[in-house]
Number of protein chains: 4
Amino acid sequence: MRFLTSGRSHGKALVGIIDNYPSGIKIDISIINKELGRRQKGYGRGGRMDIEKDKIDIIAGVNNDISTGSPISFIIENKDWKNWKYRKEEPILNPRPGHADFTGFIKYRLESIRDVIERSSARETAARTTIGAFAKIFLSALGIKIYSYVKSIGNIGLGNDFKINNNYNLVENSDIRVPDPYIETKIIEEIKKAKEEGTTLGGSFKVIAKGVPPGIGSYAQWDRKLDSKIAEAFMSIPAIKAVEIGEGFNSGKMKGAEFHDEIFYEKNKGFYRKTNNAGGIEAGMSNGQDIIIGATMKPIPTTRKGLKTVNILSKEKEVSLKERSDICAVPSASIIGEAVLAIVIANFIQEKFGNDNLVEIQENMENYLKYYRNI
Amino acid sequence: MRFLTSGRSHGKALVGIIDNYPSGIKIDISIINKELGRRQKGYGRGGRMDIEKDKIDIIAGVNNDISTGSPISFIIENKDWKNWKYRKEEPILNPRPGHADFTGFIKYRLESIRDVIERSSARETAARTTIGAFAKIFLSALGIKIYSYVKSIGNIGLGNDFKINNNYNLVENSDIRVPDPYIETKIIEEIKKAKEEGTTLGGSFKVIAKGVPPGIGSYAQWDRKLDSKIAEAFMSIPAIKAVEIGEGFNSGKMKGAEFHDEIFYEKNKGFYRKTNNAGGIEAGMSNGQDIIIGATMKPIPTTRKGLKTVNILSKEKEVSLKERSDICAVPSASIIGEAVLAIVIANFIQEKFGNDNLVEIQENMENYLKYYRNI
Amino acid sequence: MRFLTSGRSHGKALVGIIDNYPSGIKIDISIINKELGRRQKGYGRGGRMDIEKDKIDIIAGVNNDISTGSPISFIIENKDWKNWKYRKEEPILNPRPGHADFTGFIKYRLESIRDVIERSSARETAARTTIGAFAKIFLSALGIKIYSYVKSIGNIGLGNDFKINNNYNLVENSDIRVPDPYIETKIIEEIKKAKEEGTTLGGSFKVIAKGVPPGIGSYAQWDRKLDSKIAEAFMSIPAIKAVEIGEGFNSGKMKGAEFHDEIFYEKNKGFYRKTNNAGGIEAGMSNGQDIIIGATMKPIPTTRKGLKTVNILSKEKEVSLKERSDICAVPSASIIGEAVLAIVIANFIQEKFGNDNLVEIQENMENYLKYYRNI
Amino acid sequence: MRFLTSGRSHGKALVGIIDNYPSGIKIDISIINKELGRRQKGYGRGGRMDIEKDKIDIIAGVNNDISTGSPISFIIENKDWKNWKYRKEEPILNPRPGHADFTGFIKYRLESIRDVIERSSARETAARTTIGAFAKIFLSALGIKIYSYVKSIGNIGLGNDFKINNNYNLVENSDIRVPDPYIETKIIEEIKKAKEEGTTLGGSFKVIAKGVPPGIGSYAQWDRKLDSKIAEAFMSIPAIKAVEIGEGFNSGKMKGAEFHDEIFYEKNKGFYRKTNNAGGIEAGMSNGQDIIIGATMKPIPTTRKGLKTVNILSKEKEVSLKERSDICAVPSASIIGEAVLAIVIANFIQEKFGNDNLVEIQENMENYLKYYRNI
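This write-up is about the structure you can find in this document. The model shown is predicted, which means the values in this text are computed figures rather than measured ones.

What follows covers helix α1 (residues 29–40) of chain B. Within an α-helix, residues lying three or four positions from one another point in the same direction, as the helix has 3.6 residues per turn. Residue and element names in this part refer to chain B. Given a rise of 1.5 Å per residue, twelve residues ought to cover 16 Å, and the 17 Å separating the end C-alpha atoms of α1 matches this to within 8%. For α1, the set of buried residues is Ile32, Asn33, Glu35, Leu36, Arg38, Arg39 and Gln40. Looking one or two places after α1, you find Gly42, whose phi comes out positive at around 125 degrees.

Here's what the structure looks like:
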């Protein structure tokens, strides 16, 4: 599975093409639209979320709700477009610190920062969420499921010893995807406070994949490692500044004897571990445990108060652009995290079990798991 | 620049091929060997470091010490090879938790874990250090330099407010690459203690690139971002479990108003920032500031005491393999971090300024910088 | 520049996304639509060409008629779609020999050959013609132009010693893109005859690129050769069965002393050749001469009379599907040949001179040509 | 399977690395050396063939003669190296027409054409023949075999209606790989004559793959077609100027009713065809028939008599370089054609049936064939 996306934040539509998606997969479009809705939810999102409920329109690649093996293309209309269509504006020349504005204007020798803003916008992630939804539908047919939750926003969050224990319904019922009502309340207050201050908040979240068979990814060459490709994908989500696998940033403080997940065997369970500090990945390969990824998001750069900047051409001091924006987008980022994890895993699954047709892939995977269980 | 590496830990040699390396670059082989030496240094490294001082032998691609534009191949002999050559051994079937052993054996349907150990070994990083040295030589001719230091080992480390202030000679003079003699002493004691306990230690390090022009990488498509490719490369270093850009993991706790690096201009300095929380990368592009990457390494899985495991075939309980190994390899990992950062940046430089010849690339880059300075 | 296309032959629309197209290029949409028109022309095309005059709708990536550096997406509506929308049909199970039908049905485990037909259709080439038009606009700004003509259809064609001598207006004025009125007339009769017989015709064409600087492509690694990538691109055009560079298939009969293009120099002309048997490419690199590519197209598989085949499921003998189709599409194929040659050359130009902005690329190319002229 | 090669014609050695080669494959090194010997054979080859009998030395990736799944590296020593080692020479500045000399010198801004000659040399194909031998060994374990023969040299050759009818032993017994003793004799005379004249000869050859299952490659996206990748690979062989699939260049002259391979079914044979004009590939996919590729090689550019050229720096008229060289290398090229076809097919097989282990791939392929036979 590979893909390209296109689309301006306030243009007609987002467009995506997915190539090499297996045939024979039932595509329920309401599942995809639900994922788009999950991305848009979240206390602290700005006004735009009210304007549009994203919905995809599949142009090709799916026939009678079944994928055909041909490239899938889709469109997500920007409902906001008509408001922008005839807008004339002066060139924007005051770059927002923390955004693509300054460097993008230089790199592409543009005349207005507008052309940067429109693409570097987080709106692009609606397209990736869609592609992730296709990946999830495929993985789901193989028994692989993806979950996420928000771990912290600003200075408030779940403790390092927090265990979610499969209580993902707590997440889905929370406005900010935090599976602890007490912490949730405290965070919402924090967001309100930030809004009053005219500032923004970042935070952190976890994404988990369950049911991934052992042995996708490889230690054999540096660029075939599962954890590398996951890190690449998460760091490509706008505003993400850190990525960790399993205990990640804590791992440096633990000793070998306590960190590593010892290996056990019982006849009815097969091989198993009692811990999962590795986050399901050892030496670039899935080891059969849950894959657990953590990511940290910086605070949103567009603040109501603005930040100090200069006019790129005149060099005069200015205050940065203050377009309509969110206070905190960490809950949305966790959904995008699910999408990119699904895409990466789907790719490694296809590499190991085939690309063409769901039934063929299922058979090949089952064949492999039978071998594994009987080793 | 692209490359492949090959080689077993105890085989004849490591082999590497670098394709698309520009012509016209003076290759001083002593610089490369010095990098290999830097990788091997470090209090807490095991006996192997004494056995071999790695040295490369260039097979092709460099003529009269000048790169020719043709693919470069090199060999690093394993001096230890003769000791292993005629060794006969029973199949190894007790996988080390934390290593590739278990899953690699399954994935490739092997008969002994030996075939996994030999490739998933950190020895492979000598080849990548070599390739990184080639990248550094190229970047150096463009005024781009790479540095690193160790930030923490186990529970001991530099404070979050530590600033290195260009004191990189403190790093190079330290046995463990820690630029603070007091902390260094405490860490060395910690390593001694870990050795006595038969356990191992992880830690964290920083890698810095100076002189990178603004505008490499792109926000335009998810897989063309500089930070993504850096995260991919760092996560591919054995035992790395977390990667951060700039303030990374702290960024989630900071508010928009304090995190973002405001933009200023002065006639003789051009555009500049007073802070660098973004670590030199905004929206997937270099912004002209130092690029600062942090990474966390888990403790080494091969411990003298061994860990609980099972025989993959008989399923009997066993203790994991206890081959000669290190207590702590964080200082070495920081050198490999330099190498992979150099490789990623070199690739983005070539993408923007050309691939073929150093003088041509220098001219194209100078032309771009002139435009930038006069915008 | 990289791209993906999507779209069914009778679906809503074709969709394309072009990534990494330089910024600062003036996009005149009428130029693109003209290319789409050139693809649709040609005596011997079926009824569909009358139904639709293809027109593109740019969704993103171009602002105020200037490319922005962000991914370009476009749509070409299928005007024929409404006629197909509510069509119910039985599964198609009688594969057309020469088409994707048989193997595509097997490979993707489909229920009707319809899902193969819809994608393997030559309609996809409208999307590639569009992308080629973008490539041509870019190349044109660098002084590089692409031309083509039809050399033969069926058994009738121009002699091997035919020289076009820049008379490309003869081509554009011909209904079948044959630059010789006498041969043109004979070919049109041949097409009429084939139509009466219920059969189809193939043929051959040439594509020429003028103004390509010496030194794109490389001999250094097998997969970086200009001629290889050209061969790949031409062979990917539906129904193309042979590709040649320069004298190509004749070259095997010529002796070294007569084949190779000797090198001369005159002060006001610089280096030059008196012949161009190599077709402008030596050892995988452009040598500064016209690049000349030849390709052969097999006869169209969908014939009015049908061909012998079997029902894939019942195994009963059947006659192949007889959908509305063309008698001969060689003139169209020559336009698609222009498109794919433009795309390949644009990619190599970007590799050598940069990806980001037209002015930057122009400056880098000019800088290189200055060096070349003064060597 | 992907690979890089490196090595100068007169340097120490050729080096190759193959990544992603499946584990569990028995590697008989004598098979590989035999392939290297086949490449070196052929009436009309120059003196070098006598100097060295190429032999590979495997550095890593194979253990106890079984592939391990780790990258394979190998070396082929240049026996001729010692003769060259201490050779001092003036810069070479008179480029050979037809070679990389002129453009390579410009592109890489070199000081002597020597650095071009050394890499653009056909010697590189020994490395690719080796990689092709690995691919053949893998394919052979899946029942896929590769053959070739020389069709013509200069103006003499087999008729267009020649059928080899599996008489490949005639090829292997011929000095010039021509499976017709009468034609063989005439060609050898032609080569003698060319030698006397101080000129060189080209020609054409065919490569055939038997046992390829239907359904590798795809029509779904332009760059996933089997014939495209084959055309790319063949055109990358030095001196190849044309590539055709099946009837290729003749196909343009045939009518639809006679060209296309009609489809039949018999219970004990399954689906079959009575003709194979398509050369086993329809719409970018294998269709289960023999894959038949033709290629044309231009005459060797290095001629004893020399060709007209100029000194690149002084611009004085000169005669081109006359290094030791062959009169005709078409028989060798056919062996390299086998190698590159094997590599391309192996890649598509891995894409469809998995990458990791031979037994797993065999099982997945068998599973697919069972489905195909029972459709």
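From this point, things continue past the structure.
Below, the discussion takes up the relation of the copies chain A and chain C. The transformation that overlays chain A on chain C combines an axial shift of 0.0 Å with a rotation of 180 degrees, and the residual RMSD is 0.0 Å. Expressed as a symmetry operation, the mapping of one chain copy onto the other fits a two-fold axis. Both copies contact each other with a shared surface, as 100% of the interface residues of chain A are interface residues in chain C too.

Taken together, the side chains of Lys269 and Lys274 of chain A together with Lys308 and Lys317 of chain B present a region of like positive charge at the surface. Of note, Lys269 of chain A is situated in the loop between β11 (264–266) and β12 (270–272).

To continue, consider the interface of chain A and chain B. Each side of the interface is counted separately: chain A has 99 residues, and chain B has 99 residues. Interface area, chain A with chain B, both sides summed: about 8,800 Å², of which 61% is carbon and sulfur. Of all residues in chain A, Tyr219, Trp222 and Lys241 of chain A give up the largest surface area on contact with chain B, accounting jointly for 9% of the area buried on that side. Taken together, the links from chain A to chain B amount to four salt bridges.

Let us now look at unusual backbone geometry. With a phi angle near 55 degrees, Ala283 of chain C is a residue other than glycine that sits in the positive phi range. Secondary-structure assignment places Ala283 of chain C in the loop between β13 (281–282) and β14 (285–286). Here Asn20 of chain D, not a glycine, exhibits a phi torsion of approximately 70 degrees, which is positive. Residue Asn20 of chain D is classed as buried on the basis of its relative accessible area of 13%.

Moving on to the sheet that holds strand β9 (residues 203–210) of chain D. Read from one edge of the open sheet, ten strands run β8(C)-β7(C)-β9(C)-β15(C)-β10(C)-β10(D)-β15(D)-β9(D)-β7(D)-β8(D), paired in antiparallel fashion. Single-partner strands in this sheet number two, and they are β8 (156–157) of chain C together with β8 (156–157) of chain D. Pairing of strand β7 (residues 145–153) of chain D with β9 of chain D involves eight bridges; the strand directions are antiparallel. When the bridges of β9 of chain D are listed, Val150 of chain D appears paired with Phe205 of chain D.

Another aspect to go through is the relation of the copies chain A and chain B. At an RMSD of 0.0 Å, chain A and chain B line up after a rotation of 180 degrees and a shift of 0.0 Å along the axis. Of the residues that chain A buries at the interface, 100% are likewise interface residues in chain B, meaning the two copies contact each other through the same surface.

Bringing the sheet that holds strand β6 (residues 72–77) of chain B into the picture now. All names here are of chain B. Reading across the sheet, the four strands line up as β1-β2-β6-β3 and stay open at both edges, with antiparallel pairing between neighbours. What marks the edges here is a single partner per strand, and that holds for β1 (2–6) and β3 (56–60). Recorded for the sheet is a direction-independent mean angle of 20 degrees between the axes of neighbouring strands. When β3 meets β6, the two strands line up antiparallel, connected through four bridges. Of the residues in β6, the one forming a bridge with Asp57 is Ile75. Across the sheet, α1 lies against β3 and β6, angled at about 135 degrees from β3, the strand it touches most.

Attention shifts here to helix α6 (residues 124–140) of chain A. An ideal rise of 1.5 Å per residue puts 24 Å on 17 residues; α6 of chain A measures up with 24 Å between its terminal C-alpha atoms. Taking burial as the measure, the 17 residues of α6 of chain A include 16 buried ones, the bulk of the element.

The next subject is the pattern of salt bridges. Using the criterion set out here, one finds 120 salt bridges over all chains in the structure. Between Arg38 of chain D and Glu172 of chain D there is a salt bridge whose closest N-O contact spans 2.8 Å. You can see Arg38 of chain D sitting in helix α1 (residues 29–40) and its partner Glu172 of chain D sitting in helix α7 (residues 168–172), a full 134 residues away along the chain. Relative accessible area serves as the criterion here: at 32%, Glu172 of chain D is assigned to the partly exposed category. What emerges from the salt-bridge pattern is a single network uniting Glu35, Arg38, Lys136, Glu172, Arg177 and Glu338 of chain A.

In total, this model carries 56 aromatic pairs over all chains according to the counting rule given. Centroid distance Tyr21 of chain A to Phe134 of chain A: 5.6 Å. Interplanar angle 85 degrees. Geometry classified as edge-to-face. Highlighted residues: Tyr21 of chain A in the loop between β2 (13–19) and α1 (29–40) and Phe134 of chain A in helix α6, separated in sequence by 113 residues. On the basis of relative accessible area, Tyr21 of chain A is assigned to the buried category, the value being 2%. Judged by its relative accessible area of 0%, Phe134 of chain A falls in the buried class. Chaining the aromatic ring pairs together yields one cluster made of Phe102 of chain A together with Tyr265, Phe271 and Tyr372 of chain B. Just above the ring of Phe264 of chain A sits the side chain of Lys274 of chain A; from NZ or CZ to the centre is 4.1 Å.

Rules used in this analysis
- Here, residues in each chain are numbered from 1, in the same order as that chain's written sequence.
- Throughout, the order in which chains and ligands are written sets their labels, letters from A for the former and numbers from 1 for the latter.
- Only residues with pLDDT of 70 or above have their local features reported here, since the model is predicted, and side-chain atom pairs are shown and tallied only from 80 upward, although totals for entire chains, interfaces and linings are computed over all residues.
- Only hydrogens and water are set aside when side-chain values are computed; all heavy atoms of the structure are taken into account.
- Going along the chain from the N terminus, every DSSP run of H or I of four or more residues is numbered as a helix, and every run of E of two or more is numbered as a strand.
- Expected helix span is computed as 1.5 Å times (number of residues minus one).
- When a residue's accessible area, from a 1.4 Å probe over protein chains only, is under 20% of the maximum for its type it is buried; when over 50% it is exposed; and in between it is partly exposed.
- Here the copies were fitted onto each other by least squares, based on C-alpha atoms from residues at pLDDT of at least 70 in both.
- The contact rule is simple, with two residues in contact once any of their heavy atoms fall within 4.5 Å.
- Two joining distances apply to patches: 9 Å for like charges and 5 Å for nonpolar side chains (Val, Leu, Ile, Met, Phe, Trp, Tyr), and every residue must have over 30% relative accessible area and no salt bridge.
- Per-residue accessibility takes into account occlusion by the displayed protein chains alone, with areas from the Shrake-Rupley method and a 1.4 Å probe.
- For salt bridges, the criterion is a side-chain nitrogen of Lys or Arg within 4 Å of an Asp or Glu carboxyl oxygen.
- Neither His nor the chain ends contribute to the count of charged residues, in which Lys and Arg are positive and Asp and Glu negative.
- Lysine's charge is taken at NZ, arginine's at CZ, aspartate's at CG and glutamate's at CD.
- Here the quantity called buried area is the total loss of accessible area, with a 1.4 Å probe, experienced by two parts when brought into contact, counted for both.
- Any two strands between which DSSP finds at least two bridges are classified as paired.
- Helix axes are fitted to C-alpha atoms over the stretch in contact, other axes to C-alpha atoms as well, and angles between N-to-C directions run from 0 to 180 degrees.
- Pairing of aromatic rings covers Phe, Tyr and Trp, the last through its six-membered ring, and needs centres within 6.5 Å; plane angles under 30 degrees mean stacked, over 60 mean edge-to-face, and all others mean tilted.
- By the criterion adopted, a ring carries a charge over it if an Arg CZ or a Lys NZ lies within 6 Å of its centre and within 35 degrees of its normal.

None of this, on its own, says anything about what the molecule does.
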